[in-house]
Amino acid sequence: MKHRDILIHGAQVFDGTQIGGPADVHVSGGMITAIAPAGSIDPNTFDGLAVSGEGLLLSPGFTDLHCHLRDPGQTWKEDIRTGTAAAAAGGYTTVVCMPNTDPPVDRGPVADYIRDRAARVGYCRVSPSGCLSLNRRGEALADLAALYSAGVRIYTDDGSDTLRSDVFMHAFEFLSMLPGSRALIHTEVVELARGVMHEGLVSAMLGQGGIDYLSEDLGTARTVLMAIQTGMAVQVTHMASRGALELVRFGKLREQQEGMPGLVTCDVTHNHLILTDRAIEKYGTQAKINPPLREERDRQALLCGIADGTIDALVTDHAPHTVDEKSQELKLAPFGFSGFETSFGLLGKHVVGSSTAAGEITLEQVLRLMTSGPADILNGRREGWRRGRIPQMTTEAMRDFLPRPVQFSGGRIAAGEVADLVLLDTQASWQVDPKQFTSKGKNTPFTGWDCRGRAMLTICGGRVTHSRMDGIEREEAADGTA
Ligand SMILES: [Zn+2]
């Protein structure tokens, strides 16, 4: 689809690294074509959509490496159309959806379905992740080669960790030959993760089954050691414990010693940066997530990991469910809640400005972890070792795979980058009201919480995918039918 030219004039520009002064940004043919000093292009004579960015901050569109779109198979919770519309409303232009759908994404055609449907009815780029094991059972390998051909770059059995360590290792050995692939691991020892919340004082007081630190920390140790052993790039996702963070630090030390920079990356959700297990007392099932919200010392450690640069990305773990599903008793209610539409505002109010042992967390740091940080991981730009150490598939052999070309947000504002952008009002004060969510999932423990900062306009590939600005309408997908 062809899109009109766009001029965003007078906004301050965060280019993916730092916040600079005001500029005029010109978009044509879905690409950023020029960045000029503010005032150099006259909006009145501009042939196309001229947007005033006065008082606003223009950022690369956000990339989320961990969300659930529930499509195929659980479309009463969410579908690709509503999920991507919610993502666009939160400022996202690329999302990686988890493979625990029905059927799971353990073979090529399921990944094809998600990509094709997103291209027809979606509001952002969707990179489906593929399973590591068939049916996520941890007993046999998923069809990893076919998934790679279908454009899959992130591999995970998310929803849980992979049960058997030998299957896990064989998956890593195979994937390590495929350039740009990364395993994203929900680290846990499955048999130690049968509880409903963090095991500690609060779970004892509430009489609820706990999920001990050991489950997450042992799982993280397995993932980090397996990465070092096989040379397979991994991302430890949605870390909740300080132990997991320390084990990732060990992995990052080792990757330097072994000459494999970028081997081990990690992410955290805003939920684990803001809440602790005390939230279960107050919000009940609304705060039930996996891995569970842990203790204040864990939260402080994770905040410190943001400030000192250990953490490579922020993710939403957007996990929509119906109100009925979440209204069951704590034991029966599913894990997770919606996140796309609240992440930036909650981070702006409750994380930016936090003081940690490694200094104060800045808006720039948070923005990097939502743009260039995750985009570099998804685009394979973090791999500093593959050529040389690990035998790669030769170009000849790759021809048999015929890997599908993939295009994700670049996480940067520069001439020649795809025009995936979000215009932010970083001072906007508002309160979370799930009734206003675009997502089908109306569950969140943050109802009524104060936010600071909001996506006013989201542009993906030169198309307006979300707008809160007067006189600018969202442009529908190529095939507007749901
Ligand atoms: Zn998970």
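Our structure's up above, just so we're on the same page.
This text gives an overview of the structure that appears in the document. Values in this document were obtained by computation on a predicted structure and should not be read as measured data.

### Topic: unusual backbone geometry
The amide bond that connects Asp102 to the next residue, Pro103, takes the cis arrangement and shows omega of 5°. By the secondary structure assignment, Pro103 is in the loop between β7 (92-97) and α2 (108-121). Cis geometry is found at the peptide bond from Asn290 to Pro291, where omega equals 0°. Residue placement: Pro291 occurs in the loop between α9 (278-283) and α10 (296-307). At Arg70, a position not held by glycine, the phi torsion is positive, near 65°. Relative to the helices and strands, Arg70 resides in the loop between β6 (62-67) and α1 (80-89). Notably, Arg136 is not glycine yet its phi reads approximately 55°, a positive angle. With respect to the helices and strands, the residue Arg136 is situated in the loop between β8 (125-128) and α3 (144-149). What makes Arg136 buried here is the crowd of 22 C-beta atoms within 10 Å.

### Comments concerning the pairing of strand β20 (residues 463-467)
Among the five residues that make up β20, five are buried, leaving the element largely enclosed by the rest of the structure. Between strand β19 (residues 450-460) and β20, which pair antiparallel and follow one another directly, the connecting turn spans two residues, one of which, Gly461, has a positive phi of 60°.

### Focus: the sheet that holds β7
Strand pairing in a sheet takes place through backbone hydrogen bonds and is either antiparallel or parallel in direction. Ordered in space as β6-β7-β8, the three strands form an open sheet in which the pairing is parallel. Both outer strands of the open sheet, β6 and β8, are each paired with one neighbouring strand and no more. Along the sheet, successive strands turn relative to each other by an average axial angle of 20°, direction set aside. Alignment of β7 against β8, held across four bridges, turns out to be parallel. When the sheet's bridge partners are listed, Cys97 is paired in β8 with Pro128.

Basis of the calculations
Residues numbered from 1 in each chain as written. Predicted model: local features only at pLDDT ≥ 70, side-chain atom pairs only at ≥ 80, totals over all residues. Helix = DSSP H or I, 4+ residues; strand = E, 2+ residues; numbered from the N terminus. Buried ≥ 20, exposed ≤ 12 C-beta atoms within 10 Å, placed from the backbone. Pairing = 2+ DSSP bridges. Axes fitted to C-alpha atoms, helices over the stretch in contact; angles between N-to-C directions.

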